Amino acid sequence: MIDMKDMQNILRKNLRYLRTKNHITQQSMAKLLGINTKSSISEIENSTKTANGYRNLTVDQLILMNKLFKIPTDKLLFVDLEERERE
């Protein structure tokens, strides 16, 4: 069974993978998701923390990712898309 930490790690990896695969910069991705700065995307992708704490994606932002990348939510959260593509 997958736990919350595993799910967050998969989502982080998938965000980076899909963003780069689709030639979207961190700044453009931040704008598309309504996030103030590109560093927030970097924090999400790299699981770093800032003085304000870890920046989590909202449900609305997750839905936007579904629409943008045409990927169902369950795959974004539970399937390592880059690894699956290599198989």
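Everything quoted here is computed from the prediction, not taken from an experiment.

(A) Structural context of helix α1 (residues 4-21). In this model, α1 (18 residues) spans 25 Å end to end at C-alpha, consistent with the 26 Å of a helix rising 1.5 Å per residue. Every buried residue belonging to α1 is among Met-7, Ile-10, Leu-11, Arg-12, Asn-14, Leu-15, Tyr-17, Leu-18 and Arg-19, and all of these are buried. Just beyond α1, the residue with positive phi is His-23, at close to 55°.

(B) Broad picture of helix α4 (residues 59-69). All of the buried residues in α4 are Gln-61, Leu-62, Met-65, Asn-66 and Phe-69. Along α4, the residues classed as buried sweep out an arc of 150° about the axis, all on the same side. Those residues of α4 that are exposed and angled more than 90 degrees off the buried face are Val-59, Asp-60 and Lys-67. In this structure, the buried residues of α4 make contact with α1, α2 (26-33) and α5 (73-78). Looking at the residues trailing α4, positive phi occurs at Lys-70, about 55°.

Cut-offs and rules
- Residues numbered from 1 in each chain as written.
- Predicted model: local features only at pLDDT ≥ 70, side-chain atom pairs only at ≥ 80, totals over all residues.
- Heavy atoms only, no water.
- Helix = DSSP H or I, 4+ residues; strand = E, 2+ residues; numbered from the N terminus.
- Expected span 1.5 Å × (residues − 1).
- Buried < 20%, exposed > 50% of the residue type's maximum accessible area, 1.4 Å probe, protein only.
- Arc of directions from axis to C-beta.
- Contact = heavy atoms within 4.5 Å.

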